[in-house]
Amino acid sequence: MNAQPSRTNFSALRQLALYVVFGLAAVVWLLGLAANSTGSAVTGGAIDAENDAITIALRTEPPQLDYGRATDSSSLTVLFHTMEGLLTYDDEMALIPGVAERWEIREDGATFWLREDARWSNGEPVTAHDFVFAWRRVQDPATASAYAFIMYPVKNAEAINRGDLPRETLGVRAVGDRILEVEFEQPTPYFDKLVAFVTFYPINEAFFESTGGRFGADADMLLYNGPYLMTEWVHSASMRWERNPDYWGDHKGFIDTINVGYITQDVNSRLNLFKDGQIADTQLVPQMLGEAMERRWQIDRSMDGTVFFLQLNFRDGHVTANKNFRKALLLAQDPVEFVYKALKEPSYMPAVSLFPYWIRGAEDYFRQEHPPIPHEYNVAKAREHLELARRELGLEEFPPIHLLADDSPLGSISAEYFQAVYARNLGLEMRIDKQIFKQRLAKMDAGEFDIVVSGWGPDYDDALTFGDLFSSWNLNNRGRYTSPEMDALVRIAQSELDPVRRMEAFAQIQDLVQEDVVIVPMYERGWSFVVDPRLKGFKRRAVGPEVDYTYAWIDEQAAD
Amino acid sequence: MRRGMAWYVCKRLLQGVVTVWFIATATFFAMHNVPGDPLLNDRAMTPAIRANLEARYGLDQPLFNQYLIYLGNLAQGDFGISFTQENRQVNDIIREHFPVSATLGILAVLFAAAGGVLWGALTALYRNRMPDYVIMFLVILGISVPSFVVAALSQLGLVTLNNLAGRSLLPVAGWGSVFHMLTPALVLGLSTMAYLTRLMRSSMLEIIDSDFVRTAKSKGVPPALIFSRHQLRNAILPVVTVLGPQIAVITTGGFVVELVFAIPGLGRFFVEAVQQLDYTVIMGTTVFYGAFLVFMVIVVDLLYGFIDPRVRLQ
């Protein structure tokens, strides 16, 4: 009977619709008033030439701006713009003076002469005492700094960190306000590269005490001495970095205001913001490259610093402990095919060595001075080694191989690729064990794998950040590779003062890793990205901050 | 009646506390039984560094002691400090980010409820005719398409729209003004809206054919009054029933939408904490959401009594 709605019913419905519309409008208005306090209304778009401002997006909220404890790339990025250590990097990744105007590294220690005009954002000078306080704090067990180890070359650091010595015994002291004397535990020729890292940044003691345990938790819980000041930080939403008028130099910090307008891990979302003209640069993943080319964007590439490889387990009872087996694994795969056919990432490079190509040697790039042995893809030879391994191990046939990997898309592709390749070329059965990141690490530490898909990124710009990875005492050597030869070489690499001889030690480490097949190198990770044509001088870095705007400037004239 | 009501509320609240305690306990032990721990990182730690960190977070205590300490702190409303956001209190994280999720959620629920009631009534009035078919088809889409697809598509739509217009009509992502909220709230409320439309349609159809509506008509009650007093009020009951839990789900379940639209809500912390095994944040958000859900269910049960006097609060 109600198939035909009566007219009056419509008027009722219209009435209801009207209520709904007005009601919603009122609520939206009220919410708008409420929301103004919880976020930041970003205006001006990607490039605001009039106000000399740009807007950018960060991948993740920096978890930790207490730089004595920070470890992640997002925090490093923010700190690189707002802080400065004794030394810093120029736009070509060479070390340049920071708070220290000159320095000297000797066999037993180092001296840094600090500049007069380095200031904190409260106007006080940055002094040698600020470094002494900060470094002692890092080693104090109560601080519980995960990166305390990076300072262990300083005398007594490790003992203090273990709680065996008081923090005052740390081998660093201030001679007046402007000279910092460092004493080494053992010769540390690469110490200049270490002090560019955030763990070595200074802290103003009086300010630190005034934060009541909240140092680095908010924008006003830090003093700044870098080219930018962080004037606003709405957690997980936005930040504002403004040019520091009291910064001593004029070689960086050209843009007045950098707005971090968005924080999201969603790479598609950041691409949409870029297309909408809201952010100045964004990362591109392979699926996006087609569209980027259609839009005739200038696609840039750079290395992110990390090398990925299959790490093999040397513990007893694992077939990977057999050298011929490992040789078979190395010979039976081709990283070139993997990178260009399976990953299809144009910014990635097939890896041939433990050391990525951008590592510097004594004069030139390390790779130019000491090229690695080229990779040989030879299935027939691989099968011979496999047969030898089978006989040596006294096996009828090989048990299934435990292949551990992340559950990330890249981890999955890698594991599945090698599963297929080793089945095809060697007839081996790989059992893939996909785990979330932390659980993969737990299994790696426990040695519950034969092969694990893993990677290693640099802490500082020196070959040692990769070179000491497979020493017997390095806890990151999760396959427990042990060789007296390797240990001897690492000791030379750590303490040899002559750069040429030191690099020769690294070259021998490189060869030994290949000869013993400690790893099967996969790829060097890179970025494809696009930058607004009006933004010049923007850098992505392999060491330290992921993105670097300190040398960037706006060029209005540049056409879209 | 009044005293019975107070007693009822007390009883429900007490049950709620027990439920929350149960949630806290189950989460605590489940979480600690997951392999790995929040301190694990790419960089392996020396035993000394690890011991320092364990001492800082109290992980050096036996598990049951940790549990007791945790319950003690929980009773005082202290969730501890986050493992990943290392110098932020979990309480601060909830206080700063829950209002964002809640604002978005409330707007989404309003969109959902308003749209659901409106479309539902419309489809019932137009039963088995074109508007009914079209809306019900959209409803099926709304229910079955997952929110990450809707979110990504709508964001792409916005970009296209803005590019065509030559200026930013609506923001693509971010948070801060009402305009930032509209699209994510619609996306977030969409599946609920679709669900409510179906619910509203079926209950409206039942009412339209009922005796009391016919009686009212024959008495000569104006149709507008019949619609608002007799039809709508009765048909809306089931909608209110599901709305309570839906509010809790929407204000907490916006992870995907928050990620896509770069919104600093609590949903992101909730999910990322599990991936990071950030014990304190997992516990904080779970207990908070659990308490919130329990509370919303109680509120709905009370509301029910007001809307339908036949429902006795016992």
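Look up a bit, the structure's there.
**Side note on the overall build of chain B**
Working step 1: Scanning chain B from terminus to terminus reveals 13 helices and zero strands.
Working step 2: Seen in sequence order, chain B has helices and strands lined up from the N terminus as α-α-α-α-α-α-α-α-α-α-α-α-α.
Working step 3: By principal-axis analysis of the C-alpha atoms, chain B measures approximately 85 × 65 × 30 Å.
Working step 4: For chain B, the residues scored as buried account for 52% of the 314 residues in total.

**Observations concerning the overall build of chain A**
Working step 1: Helix and strand counts for chain A stand at 17 helices and 22 strands.
Working step 2: When the 560 residues of chain A are sorted by exposure, 59% land in the buried category.
Working step 3: Restricting the contact set of chain A to residue pairs at least 6 apart, pairs at least 24 apart contribute 68%.
Working step 4: Element-wise, carbon and sulfur atoms account for 49% of the exposed surface of chain A, whose accessible area totals about 22,400 Å².
Working step 5: Where the 54 positive side-chain charges of chain A centre and where its 83 negative ones centre are 5 Å apart.

**A short note on the interface of chain B and chain A**
Working step 1: Facing 72 residues of chain B, the contacting portion of chain A comprises 77 residues.
Working step 2: Contact with chain A buries area across many residues of chain B, yet B:R43, B:N87 and B:L125 alone supply 12% of it, more than any other trio.
Working step 3: Our count for the chain B to chain A interface comes out at one salt bridge.
Working step 4: Across the salt bridge formed by A:D459 and B:R43, the nearest N and O atoms sit 3.0 Å from each other.
Working step 5: Run the count over chain B and chain A and you get 15 residue pairs in polar contact (both at pLDDT 80 or more).
Working step 6: Elements represented by at least two residues in the side of chain B that touches chain A include exactly helix 2 (47–57), helix 4 (90–125), helix 6 (147–165), helix 7 (178–208), helix 9 (223–235), helix 11 (255–260) and helix 12 (266–276) of chain B.

**Describing the layout of surface pockets**
Residues and elements named next belong to chain A.
Working step 1: One number sums up the size of the second largest pocket: a volume of about 930 Å³.
Working step 2: What lines the second largest pocket is a set of 36 residues, among which D300, R301, F529, V531 and F538 lie closest to the centre.
Working step 3: Those elements that place two or more of their residues in the lining of the second largest pocket are helix 7 (267–275), strand 13 (299–312), strand 18 (519–531), strand 19 (535–536) and strand 20 (539–540).
Working step 4: The element that contributes the greatest number of residues to the lining of the second largest pocket is strand 13, accounting for four residues.

**Re the nonpolar core**
Side chains of nonpolar character tend, in soluble globular proteins, to be buried together.
Working step 1: Counting residues in hydrophobic clusters, the biggest one holds 184 residues, and the most contacted among them are A:W135, A:F191 and A:Y422.
Working step 2: Here this core gets eight residues from one element, more than from any other, and that element is helix 13 (residues 279–307) of chain B.
Working step 3: Contacts of A:W135, omitting those with residues within four sequence positions, involve A:L86, A:M151, A:L170, A:V172, A:L180, A:V182, A:F191, A:V195 and A:F200.
Working step 4: Listed in part, the 48 residues of the second largest apolar core include A:L24, B:V178, B:V187 and B:M193.

**Points about the sheet that holds strand 1 (residues 47–48) of chain A**
Two strands in a sheet stick together by hydrogen bonds in their backbones, pointing the same way (parallel) or opposite ways (antiparallel).
Residue and element names in this part refer to chain A.
Working step 1: Pairing is mixed across the open sheet formed by five strands, whose spatial order is 1-2-11-10-9. In this open sheet, the two strands that pair with only one neighbour each are strand 1 and strand 9 (228–234).
Working step 2: Two strands pair when backbone bridges link them, and strand 10 (residues 238–243) and strand 11 (residues 257–263) are joined in this way by four bridges, in the antiparallel orientation. Across the sheet, residue M239 finds its bridge partner in strand 11, namely V260.

**Section: the packing of aromatic side chains**
Working step 1: The final tally for this structure, using the stated rule, is 42 aromatic pairs over all chains.
Working step 2: Judged by centre distance (5.2 Å) and plane angle (90 degrees), the rings of A:W135 and A:F200 are edge-to-face. Placement of A:W135 in helix 3 (residues 128–139) and of A:F200 in the loop between helix 5 (191–194) and helix 6 (205–210) is noted, with a sequence separation of 65 residues between them. Summarising the burial analysis for this pair, A:W135 and A:F200 share the class buried.
Working step 3: Aromatic side chains B:F270 and B:Y289 sit 4.9 Å apart centroid to centroid with 90 degrees between the ring planes, which places their arrangement in the edge-to-face category. Of the two residues, B:F270 is situated in helix 12 and B:Y289 in helix 13; the sequence distance between them amounts to 19 residues.
Working step 4: Its relative accessible area of 28% is what places B:F270 among the partly exposed residues.
Working step 5: Chaining the aromatic ring pairs together yields one cluster made of A:F308, A:F338, A:Y348, A:Y417, A:F418, A:Y422 and A:Y523.
Working step 6: One cation-aromatic arrangement involves A:R115 over A:W248; the distance from NZ or CZ to the ring centre is 3.4 Å.

**Here's the deal with unusual backbone geometry**
Generally, phi is negative for residues other than glycine and the peptide bonds are trans, each holding for most cases.
Working step 1: At A:N156, a residue that is not glycine, the phi angle is positive and equals roughly 70 degrees.
Working step 2: With respect to the element layout, A:N156 can be found in the loop between helix 3 and helix 4 (157–162).

**Remarks on the environment of A:Y340**
Residue and element names in this part refer to chain A.
Working step 1: As for its position among the elements, Y340 is in helix 10 (residues 335–343).
Working step 2: Judged by relative accessible area, which is 46%, Y340 ranks as partly exposed.
Working step 3: Along the chain, Y340 and P350 lie 10 residues apart, while their C-alpha atoms are 8.3 Å from each other.

**A short note on the pattern of salt bridges**
All names here are of chain A.
Working step 1: As enumerated under the stated definition, the model contains 43 salt bridges over all chains in all.
Working step 2: When the shortest N-O distance is used, the salt bridge between R501 and E496 registers 3.3 Å.
Working step 3: Given the relative accessible area of 18%, E496 is considered buried.

**Quick word on helix 7 of chain A**
Residue and element names in this part refer to chain A.
Working step 1: Burial runs high along helix 7: eight of the nine residues are buried.
Working step 2: Residues of helix 7 that are buried: V267, S269, R270, L271, N272, L273, F274 and K275.
Working step 3: Sitting at the head of helix 7, D266 places a side-chain oxygen 3.0 Å from the backbone nitrogen of N268.
Working step 4: Of the residues one or two after helix 7, G277 is the one with positive phi, at around 75 degrees.

**Quick notes on the pairing of strand 7 (residues 172–175) of chain A**
Residues and elements named next belong to chain A.
Working step 1: With four bridges connecting them, strand 7 and strand 8 (residues 179–183) associate as antiparallel partners. Pairing of V172 across the sheet is with V182, part of strand 8.
Working step 2: In this antiparallel pair of consecutive strands, strand 7 and strand 8, the connection spans three residues, and G176 shows a positive phi of 70 degrees.

**Some thoughts on the packing of helix 7 of chain B against helix 9 of chain B**
All names here are of chain B.
Working step 1: Across the interface, helix 7 lies against helix 9 with an axial gap of 8 Å and an inter-helix angle of 130 degrees. Viewed along their axes, helix 7 and helix 9 adopt a mutual orientation that is oblique. Handedness of the crossing formed by helix 7 with helix 9: right-handed. Contact residues: M200, S203, M204, I207 and I208 in helix 7; F227, H230, Q231, L232, N234 and A235 in helix 9.
Working step 2: Looking at the contact of helix 7 with helix 9 residue by residue, the classes come out as seven nonpolar, four polar and no charged.

Reading the values: rules and limits
- Residues numbered from 1 in each chain as written.
- Chains lettered and ligands numbered in written order.
- Predicted model: local features only at pLDDT ≥ 70, side-chain atom pairs only at ≥ 80, totals over all residues.
- Heavy atoms only, no water.
- Helix = DSSP H or I, 4+ residues; strand = E, 2+ residues; numbered from the N terminus.
- Buried < 20%, exposed > 50% of the residue type's maximum accessible area, 1.4 Å probe, protein only.
- Contact = heavy atoms within 4.5 Å.
- Areas by Shrake-Rupley, 256 points an atom, 1.4 Å probe, with all protein chains shown as cover.
- Lys, Arg positive; Asp, Glu negative; His and termini not counted.
- Charge placed at Lys NZ, Arg CZ, Asp CG, Glu CD.
- Buried area = accessible area lost by both parts, 1.4 Å probe.
- Salt bridge = Lys/Arg side-chain N within 4 Å of Asp/Glu carboxyl O.
- Polar contact = N/O pair within 3.5 Å; in protein donor to acceptor, adjacent residues only side chain to side chain.
- 1 Å grid on protein atoms, 1.4 Å probe; cavity = no way out; pocket = protein on both sides within 12 Å on 5 of 7 lines; lining within 4 Å.
- Points joined across faces, edges and corners; volume = space filled by probe spheres on them.
- Core = buried A, V, L, I, M, F, W, Y, C linked by side-chain atoms within 4.5 Å.
- Pairing = 2+ DSSP bridges.
- Phe/Tyr/Trp six-rings, centres within 6.5 Å; stacked < 30°, edge-to-face > 60°.
- Lys NZ or Arg CZ within 6 Å of the ring centre and 35° of its normal.
- Axes fitted to C-alpha atoms, helices over the stretch in contact; angles between N-to-C directions.
- Parallel < 35°, antiparallel > 145°, perpendicular 65-115°, else oblique.
- Left-handed = near helix turned anticlockwise from the far one by under 90°.
- Nonpolar A, V, L, I, M, F, W, Y, C, P; charged D, E, K, R; others polar.

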